[in-house]
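Residues per chain, in single letters:
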Amino acid sequence: MNLKLAFNKAVFYINVIILLLLGITFFSNFYTASRDTILYNDGPVWNVYLPDGQVFTDVDLSKREIHYNLQPTETLVLETELDPTYRGDLTARIMTRESGLRVFLNDDEIFRYKVTEPNAYAGTGYHFVSIPVSFSRRTLHVELLGRRGRAADAMPEIVITRTKDAYAYFLDQHIFIVHAAIFLLVFGIILTLFSLVSYAIDEEYDLLLIIGLIGVLSGMWSVSNTKAVELLSMDIALNSFFEYVSLYLMPIPLLLFIERQHSRDNRNSVTVRMAIGMSATFATLAVVMHLSGIVYVSQVLYIYHAMVAIILVMVLLGRPKNPRRMEKYETFYLAAFILAFVFIIFYIFRFQYQRVATQGTPIHSFLHMIPGLLLFVLFLFVGYLSYMNTRIVSRAEREVLENLAYKDAMTGLCNRAHGERMMRELSLRENSKPFAIVNFDLNGLKRTNDSLGHFAGDDMLCRFAEILTKCFASIGTPVRMSGDEFIVIVEGADNMGHIDRALRQLVALEREASEEADYVLDASYGVARSVEFLQPNAEMVYQAADYRMYEMKEASKKGRE
């Protein structure tokens, strides 16, 4: 087995192990015991004061929706009375969408976010506000401040729990989705790091690297969208920025994957490259304008949706491959992209419908996208595993055929076809390393066949092949060119100095074998090196070695006479 085939097999099995280990970890951690989470009141009632003067009293925000498109400089106020008999530590989890926030307990301010920065990007996410418990009567006063960008279009989601249950309850509400998002991110990171190492060794693993990048971007968006990222970072603006950036970058590796599959189809390849350029330009402009404070990343989401729709049309207008002609791994890729297409269309239509029909986009409206992304990445990965398995089997079969085509059946050495191929390659090289050819002719083979039989002659050939391999395999390639003719091709300056030592060892081993056998094992040889010629080629060096071998053979005959 050659090294490349062994490396491919190792990569295949490591990828399978990665998938199995992460899958076991995911499902073992998914099951969680029910938590004794206590909510402070089953949905406290609030008084809501809208900027336009409307007032709503005794509103249970968990059961009643009140929509108001909060504009910059406007302030929306909510108030509730906390039960004075409760003496435990409380935490209010308040979700805001691109708005500033101030929280008061009685008349004391206990929390603020983006209050003095009216033009700053606020982002979307949760604030965990600790509520002091030392007051006998507690009025919780929440102010939502409109900020530049897509300001709040619905009441904030406010949940009050015991402090020790705040994060647990936050995770338990969407336990499967959060686990799926974290699994996707971790899987993407591990796959990307592993594929980078594999790609550095063999560039054929570029597709695995692309799948890893798809997993990383999908995982970043998923973890940010579920707000699970807030377990690590409470910077809501930064978290939201990365959420949008990962979303805007996602089409690029997806299109690279498609382009890699259509690399032989010029028409499809050009179309996909145009789409890649469009996606990369959009993502770059979105980031630059956001960092410059011109337009925030959330404000160009509609343009992104339009761009994605155009890209989908461009890809669909390409000539798809007939499913009947697809390899098994290609059917996994097709299933993955059909799944992605369905989820993307559903996502865009639902987003636009909620914006128009309900005047709001709840923070968890699109959590169905995360299982879809997870399935998409897994389908791509399983398809790639199938592709790797197909390639490994194909290479193994090709290796077997090459062994049959380039191995001498009797001696196990490379045959004449392999030797001639090596010499052609040496002759085609530019600025090649120095090489040498050692030519051998086995003396007395015909005499051994005539006197002792062909079985003894065959044993003589095999014994010499073993000696040749033992002496020269570490520095060159032994080849059986014909019945009693052998050569060794030696490459590299470092190996040139070992030829004489190997020849001395060969002569000594020939003597030992002759003492044990019924025949005399003896070979004439000639050595020629490429450095002896101004413009060497392998045929020229081979002829010189052959000439010197015959000189030694003639001298040996005269010596015996």
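Structure shown above.
Since the model is a prediction, treat every value here as computed from it, not as a measurement.

Describing the nonpolar core
Ranked by internal contacts, the top residues of the largest apolar core, which has 96 residues, are Trp-46, Leu-140, Ile-160, Tyr-248 and Tyr-384. Broken down by element, this core gets its largest block of residues, twelve residues, from helix H10 (residues 369-406). Of all hydrophobic cores here, the second largest spans 30 residues; its members include Leu-413, Met-460, Ile-475 and Met-496.

Section: the packing of aromatic side chains
Under the criterion given, the structure shown has 13 aromatic pairs. A ring pair is formed by Phe-187 and Phe-381, whose centres lie 5.1 Å apart and whose planes are at 85°; its orientation type is edge-to-face. Remark: Phe-381 occurs in helix H10 and Phe-187 occurs in helix H3 (residues 175-201); sequence separation between them is 194 residues. Of the two residues examined, Phe-187 and Phe-381, each falls in the buried class. Summarising the aromatic geometry, the rings of Tyr-248 and Phe-282 are spaced 5.0 Å apart at their centres and angled 75° between planes, so their arrangement reads as edge-to-face. Of this pair, Tyr-248 sits in helix H5 (residues 236-249) while Phe-282 sits in helix H7 (residues 266-292), placing them 34 residues apart in sequence. The class for Tyr-248 is buried, based on a relative accessible area of 2%. Residue classification places Phe-282 among the buried residues on the basis of a relative accessible area of 11%. Aromatic rings pair up to connect Phe-440, Phe-464, Phe-472, Phe-486 and Tyr-525 into one cluster.

Quick notes on the environment of Thr-271
With respect to the element layout, Thr-271 can be found in helix H7. The exposure class of Thr-271 is partly exposed, given its relative accessible area of 24%. In the structure, Thr-271 is positioned 44 residues away from Val-315 in sequence and 7.4 Å away in space, judged by C-alpha atoms.

Looking at unusual backbone geometry
Located in the positive-phi region is Glu-98, a residue other than glycine, with phi close to 50°. Mapped onto the secondary structure, Glu-98 falls in the loop between strand E4 (90-97) and strand E5 (99-105). Non-glycine residue Lys-114 carries a positive phi angle of around 55°. One can find Lys-114 in the loop between strand E6 (108-113) and strand E7 (124-131).

Focus on the sheet that holds E7
One open sheet holds the three strands; their spatial order is E7-E4-E9, and the pairing between them is antiparallel. Taken across any chain shown, the strands that pair with only one partner, and hence form the sheet edges, are E7 and strand E9 (158-162). Across the sheet, the mean angle separating the axes of adjacent strands is 20° when strand polarity is ignored. Taken together, the eight bridges between E4 and E7 define a ladder with antiparallel strand orientation. Bridge assignment links Ala-92 to a residue of E7, and that residue is Val-129.

Section: helix H15 (residues 499-516)
Between its terminal C-alpha atoms H15 stretches 26 Å, which fits the 26 Å expected from 18 residues at 1.5 Å a residue. Along H15, the positions that sit buried rather than exposed are Ile-499, Ala-502, Leu-503, Leu-506, Leu-509, Glu-510, Ala-513 and Ser-514. Along the long axis of H15, the arc covered by the buried residues comes to 140°, so they all point the same way. Summarising the geometry of H15, the exposed residues directed more than 90 degrees from the buried face are Arg-504, Arg-511 and Glu-515. Check the buried side of H15 and you find it contacts strand E10 (435-443), helix H13 (454-472), strand E12 (485-491), helix H14 (493-496) and strand E13 (522-529).

Scoring rules and cut-offs
- Residues numbered from 1 in each chain as written.
- Predicted model: local features only at pLDDT ≥ 70, side-chain atom pairs only at ≥ 80, totals over all residues.
- Heavy atoms only, no water.
- Core = buried A, V, L, I, M, F, W, Y, C linked by side-chain atoms within 4.5 Å.
- Buried < 20%, exposed > 50% of the residue type's maximum accessible area, 1.4 Å probe, protein only.
- Helix = DSSP H or I, 4+ residues; strand = E, 2+ residues; numbered from the N terminus.
- Phe/Tyr/Trp six-rings, centres within 6.5 Å; stacked < 30°, edge-to-face > 60°.
- Pairing = 2+ DSSP bridges.
- Axes fitted to C-alpha atoms, helices over the stretch in contact; angles between N-to-C directions.
- Expected span 1.5 Å × (residues − 1).
- Arc of directions from axis to C-beta.
- Contact = heavy atoms within 4.5 Å.

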